[in-house]
Protein chains: 2
Amino acid sequence: MTKHVYFFGAEKTEGKKELKDILGGKGANLAEMSNLGVPVPPGFTITTETCAEFYEEGEQLSQEAMNEIEENLAKLETAMNAKLGDTENPLLLSVRSGAAVSMPGMMDTILNLGLNDETAQGLIKKSGNERFVWDSYRRLVQMFGGVVMGVEHAYFEKILDKIKETKGVNYDDELSVEDLKEIVKKYKDMIREKTENEFPNSAKEQLLLAIKAVFGSWNNERAITYRRLNDIKGLKGTAVNAQAMVFGNMGETSGTGVCFSRDPATGENVFYGEYLMNAQGEDVVAGIRTPKLISTLKEVMPNAYEELVDIYKKLELHYKDMQDMEFTIQEGRLFMLQTRTGKRTAQAAVRMAVEMVHENLIDKKTALLRIDPNQLDQLLHKQLDPVAKQKHNSLGKGLPASPGGAVGKIAFDNISAVEMKKAGDKVVLVRNDTSPEDLIGMDAAVGILTAKGGMTSHAAVVARGMGKCCVSGLGDAKVNEEERVLKLGGQTFKEGDYITLDGTSGDVYAGQIPTIDPELTGNFGELMLLADEFRKLGVRTNADTPRDAKQAIKFGAEGIGLCRTEHMFFEGERIKAVREMILAKDLEGRKKALAKIKPYQKEDFMALFKIMDGKPITIRLLDPPLHEFLPKEEADIKELSEELGVSIDVLKQKMDELHEVNPMLGHRGCRLAITYPEIAEMQVEAIFEAAKEVADSGIEVHPEVMVPLIGNVTELQNQKEIIISVAEKVLGPESKVKYLIGTMIEVPRAALTADEIAKEAEFFSFGTNDLTQMTLGFSRDDVGKFVPEYIKKGILEKDPFQVLDQTGVGMLVEMAVKKGRSVKENLKIGICGEHGGEPTSVEFCHRTGLNYVSCSPFRVPIAKLAAAQAALREK
Amino acid sequence: MTKHVYFFGAEKTEGKKELKDILGGKGANLAEMSNLGVPVPPGFTITTETCAEFYEEGEQLSQEAMNEIEENLAKLETAMNAKLGDTENPLLLSVRSGAAVSMPGMMDTILNLGLNDETAQGLIKKSGNERFVWDSYRRLVQMFGGVVMGVEHAYFEKILDKIKETKGVNYDDELSVEDLKEIVKKYKDMIREKTENEFPNSAKEQLLLAIKAVFGSWNNERAITYRRLNDIKGLKGTAVNAQAMVFGNMGETSGTGVCFSRDPATGENVFYGEYLMNAQGEDVVAGIRTPKLISTLKEVMPNAYEELVDIYKKLELHYKDMQDMEFTIQEGRLFMLQTRTGKRTAQAAVRMAVEMVHENLIDKKTALLRIDPNQLDQLLHKQLDPVAKQKHNSLGKGLPASPGGAVGKIAFDNISAVEMKKAGDKVVLVRNDTSPEDLIGMDAAVGILTAKGGMTSHAAVVARGMGKCCVSGLGDAKVNEEERVLKLGGQTFKEGDYITLDGTSGDVYAGQIPTIDPELTGNFGELMLLADEFRKLGVRTNADTPRDAKQAIKFGAEGIGLCRTEHMFFEGERIKAVREMILAKDLEGRKKALAKIKPYQKEDFMALFKIMDGKPITIRLLDPPLHEFLPKEEADIKELSEELGVSIDVLKQKMDELHEVNPMLGHRGCRLAITYPEIAEMQVEAIFEAAKEVADSGIEVHPEVMVPLIGNVTELQNQKEIIISVAEKVLGPESKVKYLIGTMIEVPRAALTADEIAKEAEFFSFGTNDLTQMTLGFSRDDVGKFVPEYIKKGILEKDPFQVLDQTGVGMLVEMAVKKGRSVKENLKIGICGEHGGEPTSVEFCHRTGLNYVSCSPFRVPIAKLAAAQAALREK
């Protein structure tokens, strides 16, 4: 016969933490603490299997379950020397749900169960505190009426408010005993009226109804939805914990508090916490009285304090992690009400993990697995001061496109941004969206806010690369770039007004909120070394400029996985030559302009080769459509017309010709280089001339030339011929420079025909941004209109531009890896989309057998940790 | 030992038509005719295997081959009673290449081989025609010098032109014997100078060099490229045919001609052809003398005529197809020089196929397989008069987007087009590109010309649907819509100027070229019945309007596979309500506007249900992004602003909000219906209210509701709920109306996860236009910039929007079919992209196990024939 109920207490505890499946998380921990000899108010746990049985029996408790509940209640009464429903010496209980995984949506807690008109009198006698008892009784009726009997919360509020109004008081604790009595009566009357049922006077009936209500809440709509959305499957049900009540508000030798075995903010190994004497748990939280630091308890109640210190040490040693504990002291006697793994800041998480390894409390693998890689982001960026932030209301919430906090004066265009920066101001660039033209303005700004675009819009991608705060796709923001006005949250901002962005949450605030600087302690470096010890995946960076490359090297990047050459086209004089090339009438004109661009490109490549000092650099040939390089604004067009001596009409005609309906699917990538081979020739010349010079100076170089947007192997053949012939010409016959030629896999057709493409490619690099766009048919610049709603409605779980769609896009990635390696067993394969720095996607890359991931410099540490975790989880 | 040479002639012919692999097509047919007793000038064929051997031996003829050539030459000399190189009675030969499949790019023909200064004298004596001999000699030196000795054609031309200039004559036939002698000398001198080799005087040397040159040309660059592009593999090489020369210009009892066993233009079963007496083959073609109708030969040379009639009948009966024959009469004696299957017009092809079945000459399967489905297109559209067309020069060539010819006055916008039509003019709408707004103008026009967009641009798709001529993507055309000017081919056209389009070739002409009407004879209908007998695939049509639906029924459509509801949104009053809906501030406003649209939709659906009379109709819910419905031009925006009483600023703000960077991948399809469920509700209500009313009137209805742009099964679940709940509400519990709910498979992710989607779908329909766009990353509106060049450079074989990319897109189709049917064995699957009417794509659909294809009304007959052929080929 299956056991339905497990007892816990100072003696005869039947459960343990390993029984979480049947006792739930809360029940298992209470049993575990009891086993450790930690004083826990005794009680019993009704198993999750009983919950399953409850549903099998048509929402009834079986006779066996009832019997075991009776038996355990008797045990509990003996242990507490009190009796449920006894008018002299009444036992009060708390009843709580608790499944194997934490799960909001179910019925939570009923306190003070066992009170009725008679037992209340007994408790008054026992405690000598009439007001406390009637307040407890009032709370029981409200909680029970609400969660067990289904009366809406508002009806209770209405009664309470009316009495407060009549009595002319503001706070509950100003109510007298008589008021509380009246409330209890009115609550009961109202419950009778609404439910046609009486509030059960019998303490035992209260208990049984509460147990059934907890089981019943397992299948309410909210709980079912929560399980579906979080993909929680295979649970038997919820357990029910019935536990003796203890009270911290029984006078000056009673108290209650919350404590942590280490400092959850800094991670320092010190005892940390707060308490209040003569108080209940909710008083600590409510903030009416200011709690005291836990260290002062030593003087107030030295014995209890010593015991608490022993307990916290014991619990941390036992659970091998920082514990977050609740305790109550009832008339000098310490009870632990809960222990659980404590939440912590990123900084604390890193420090604790590393120090616990030093202390031999945990091993390296545990340390690595314990840190959420996403959390590391907090350590790498300036953040808004969380305390100061609480005093401000968010004007609106966009997408958290690039983390960190930014405070500055609003600029609506590049010129203003640059000028304001020159004048010594911090600048936040506010745009409807950004294009490569805006790089100068973004560079001048400390943060970027856009009304349009998703998590991988231009603004988002570039800001992340620069490590700058960005909020994108804030649809509520009305940005009028011409009139230089931003309307948001009912307020109007002009150029020069202060604004604050929280790129970690997506919130935008008026005015200035102070920021705090990140601290990169030695623990962080140590954690990275640990990650390097276990990970299998290489971690490279996406970097286009020497600045990015240096940053990435600091963060431990092992090479450049994506150098986007077009970003080099925008700076200063270069863009002029690029535009001259685009507007040239013929091949000769184009070649002339390209000759002007080449020295710049070569210089950039030389700098990168030197910084990477022997590490590989994957250089992608020109990718965006040419129209991206032309000006958009009338004034800029006029300026260009004058510079080049070309009439505005001719310019506009050319721009019209280049206009595309869907530029994402247009004349770009290798398509450009096939129709204009001279562009590829110039770029490849610049790469190999740079490689040769740097190699000749004694620095090792490993260029990997990457052809973008291949869909058909014939395209790669075409480009490969150009690259090889230029390389041979530039490098000469006996060069030391070894190079690879490979391709992006970003067009679905390339993934589908990867076996054919692998015959010509020496490496693959998945461009999962574009692959996601095409596989899902989502323009990343336009998804702001429906993806947030898709997530809200549960149609999508995550934004597929943040977290790789493993089902759809992932299937293509797996196919391409398999097909590619079927032709070339050791084909080098990486990923250079934004997903390369997202932990679950990194794990996917590990499982799929990629050689490396490449991500923005600021995500390199995250990718390293995620890669190590993936390797550890696999074992 | 392998046989190298096969003899053919009146006696001892060794080959036959089945030996095409080793004799080549030409050699096999010459042997076959000889076997049939048809008089053929005797000769011999050196096998394709000898060609392979030639390459194995380092481009040398083996001794065995040389010996066999000698033996056969001796046989030929005996048969002809003349000797190669004999000064009294010289034998002249033609030498021709001939592989197993017709293959341009190789050396073609050398005539008159065997002539030199001495044999020329012998031939003069024999023929009594000195000029003829010297002219033949001159031609030999030129052909031999060019193709065997590699001298460029221009050098010969230069010599010839100079002599004509000196002599003051215009035509070759005005040159005297002396002139010809001088030419021969100068040719030889020039050859010596250029090649440092002598023109070989020895007739036998001429023969051997010619044979080697033919073999050598098998591997020249042109031939290799041709084989690669046409995927010709597995051939051994080319054969060489050496054949005795016969001459039709030996006086009034000689002649030459071309004839057909049936009329190649009409298909009528009559003897058809032309001849000239005292002439050579090229004279018939050159058009200097007007050839006579073959029937008159009966009087001129009754015996030869009778013999020719016997022969043509024998050959047609033997080859079981219409023969295209060349003959020469030398001094009263008839020789057949060639027979081959004759080319024919579409009309003739249909008539011959059907009549030959009636005559029991061929069976039904052969008849069906003999017609190129693409050819049928000619029968369904008005064409430019081919004779008149030859007198005009094309101004430029765009894409042949929709076949047929159109002549009309140019209009640059919808209003002008409609007005000009009202005034009784034929109109050609000329635009940079078209959008759904332009439907009115396209409807008023007889043809459409666009400067941008590909074969599946809006203009192309709609024009094909309407059966209207369209030339798209004519990049050379500069269209200034504002100034109402078209610049093309150096000419400038204003509104009202005449222009002629050839949608079958893509050519555009100035002025008016007469058109000819198609003839749909009874044979066409009979052919369709034959196709129906054998095909397995269903053939439906893409039709949005009653007019299209009626047209499609005439062509034999078995239902509607794609009814695009958005096309119904543009007409007249409807577009106003649609715009009101888009601009509404809230749900209530949208619902109010939708209520205005519903009666129109319902009315359209009722009309379609009635026309289809029990045949299924697949109705796709709204697909395009909302901004497509808003006006683009300032004037229209102003008008709309006045109509709706909304300020222009507000309008523009809304339009800005709706603007998308890549609309193809944006907020459209089911994404719209998920964010605005009220739109789907209105459409589904209209569908089922229409279905119910028509069903109640006693007409069977089979609505199939199709959800567009599904990428994730959750999207379909969301839409399905709406459809089912509306259907239940409208139809009531006991309705006779049975409906299906299914989805387009057009997003790659949908194909990849087709097993999940099939759980919720009752049918799939492949939207291969969008699937091609996303799988290849090709925006069909933008590919004009690179796809033509891709095809020219051999990177793509075909435009993937015309011919389904079976490798890439096809792989997704196959996956989706397999995955879908793994869940639902009998899942109904169709295709409704443009490819549904393209023969090779239809064959792919047949092989992949689809249930039906759906295409524009005018391609229904083509799809039916292609489907029948696919079924026949499979067996």
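No experiment lies behind these values; they were computed from the predicted model shown.

Criteria and cut-off values
- Residues numbered from 1 in each chain as written.
- Chains lettered and ligands numbered in written order.
- Predicted model: local features only at pLDDT ≥ 70, side-chain atom pairs only at ≥ 80, totals over all residues.
- Heavy atoms only, no water.
- Least-squares fit on C-alpha atoms with pLDDT ≥ 70 in both.
- Contact = heavy atoms within 4.5 Å.
- Helix = DSSP H or I, 4+ residues; strand = E, 2+ residues; numbered from the N terminus.
- Polar contact = N/O pair within 3.5 Å; in protein donor to acceptor, adjacent residues only side chain to side chain.
- pLDDT = per-residue confidence, 0-100.
- Pairing = 2+ DSSP bridges.
- Axes fitted to C-alpha atoms, helices over the stretch in contact; angles between N-to-C directions.
- Phe/Tyr/Trp six-rings, centres within 6.5 Å; stacked < 30°, edge-to-face > 60°.
- Buried < 20%, exposed > 50% of the residue type's maximum accessible area, 1.4 Å probe, protein only.
- Lys NZ or Arg CZ within 6 Å of the ring centre and 35° of its normal.
- Patch = residues over 30% accessible without salt bridge, like charges linked within 9 Å, V, L, I, M, F, W, Y side chains within 5 Å.
- Areas by Shrake-Rupley, 256 points an atom, 1.4 Å probe, with all protein chains shown as cover.
- Salt bridge = Lys/Arg side-chain N within 4 Å of Asp/Glu carboxyl O.
- Lys, Arg positive; Asp, Glu negative; His and termini not counted.
- Charge placed at Lys NZ, Arg CZ, Asp CG, Glu CD.

Colleague: Describe in detail the relation of the copies chain A and chain B, supporting the description with residues and values.
Modeller: Superposition of chain A onto chain B requires a rotation of 180° combined with a translation of 0.1 Å along the rotation axis, giving an RMSD of 0.2 Å. Taken together, the rotation and translation describe the operation of a two-fold axis. Within chain A, N662 of chain A has its C-alpha nearest the rotation axis, a separation of 2.2 Å. Here 100% of the contact residues of chain A are again contact residues in chain B; the copies associate through an equivalent surface.

Colleague: Which residues make up the side chain of T13 of chain A, and what are the values?
Modeller: Residues and elements named next belong to chain A. Tracing the backbone through its elements, the reader meets T13 in the loop between β1 (5-8) and α1 (20-35). In this structure the side chain of T13 is engaged in a polar contact, spanning 2.8 Å, whose partner is the backbone oxygen of G9. Leaving out residues up to four positions away in the same chain, T13 has contacts with F7, F8, A31, S34 and N35.

Colleague: Before we move on, could you go through the confidence of the model for chain A and cite the residues and values that matter?
Modeller: Averaged over every residue, the pLDDT of chain A is 91; residues scoring 70 or more account for 98%. For this predicted complex, the interface confidence score (ipTM) comes to 0.81, while the overall pTM stands at 0.81.

Colleague: Please provide a residue-by-residue account of the sheet that holds strand β19 (residues 485-488) of chain A, values included.
Modeller: Hydrogen bonds between backbone atoms are what pair the strands of a sheet, whose relative direction is either parallel or antiparallel. Residue and element names in this part refer to chain A. The three strands lie next to each other as β18-β19-β20, forming an open sheet whose pairing is antiparallel. Edge positions in the sheet fall to β18 (478-480) and β20 (491-494), since each has one partner strand and no second. Taking the axes of each pair of neighbouring strands and ignoring which way they run, one obtains an average angle of 15° across the sheet. Looking at chain direction, β19 and β20 are connected through four bridges and run antiparallel. Considered in β20, the bridge of K487 is made with T492.

Colleague: Let's hear about the packing of aromatic side chains: which residues, and what values?
Modeller: The description of an aromatic ring pair rests on the distance of the ring centres and on the angle between the ring planes. Residue and element names in this part refer to chain A. As enumerated under the stated definition, the model contains 30 aromatic pairs over all chains in all. Aromatic side chains F271 and Y312 sit 4.2 Å apart centroid to centroid with 5° between the ring planes, which places their arrangement in the stacked category. You can see F271 sitting in the loop between β6 (255-260) and β7 (272-277) and its partner Y312 sitting in helix α12 (residues 302-319), a full 41 residues away along the chain. Overall, F271 belongs to the buried group, its relative accessible area being 15%. Take Y312: its relative accessible area is 8%, and that puts it in the buried class. Between the aromatic rings of F778 and F786, the centroid separation amounts to 5.3 Å while the plane-to-plane angle is 80°, which identifies the pairing as edge-to-face. Given a relative accessible area of 0%, F786 falls into the buried group. An aromatic cluster is present here, built from F54, Y55 and F215 joined pairwise through their rings. In this arrangement the basic side chain of R540 is found over the ring face of Y852, its NZ or CZ atom lying 4.0 Å from the centre.

Colleague: Hey, could you go over the sheet that holds strand β24 (residues 538-542) of chain A for me, with residue numbers and the actual values?
Modeller: Residue and element names in this part refer to chain A. Overall, parallel pairing links the eight strands, which are arranged β24-β25-β26-β27-β28-β29-β30-β31 in a closed barrel. Going across the sheet, the axis of each strand differs from the next one's by a mean of 25°, ignoring polarity. Judged from the three bridges that link them, strand β28 (residues 740-745) and strand β29 (residues 763-766) form a sheet pairing that is parallel. Its bridge partner being in β29, M744 is matched across the sheet by S765. Here helix α35 (residues 860-874) sits on the sheet and contacts β24 and β31 (852-855); the angle it forms with β24, its principal contact strand, is near 160°.

Colleague: Any chance you could break down a negative patch on the surface for me, citing the residues and the numbers?
Modeller: Together, E482, E483 and E633 of chain A together with D649 of chain B make up a region of like negative charge exposed at the surface. Within the secondary structure, E633 of chain A sits in the loop between β26 (616-620) and α24 (634-644). Residue classification places E633 of chain A among the partly exposed residues on the basis of a relative accessible area of 42%.

Colleague: Give a description of unusual backbone geometry that names residues and reports values.
Modeller: A positive phi angle, near 55°, is found at R484 of chain A, a position not held by glycine. Relative to the elements of secondary structure, R484 of chain A occurs in the loop between β18 and β19.

Colleague: Residues and numbers for the pairing of β29 of chain A, please.
Modeller: All names here are of chain A. What you see with β29 is no split at all: F763 and S765 on one side and F764 and F766 on the other are buried throughout. In this sheet, strand β30 (residues 828-831) lies alongside β29 in parallel orientation, the contact comprising four bridges. Each bridged residue has a counterpart across the sheet, and for S765 the counterpart in β30 is G830.

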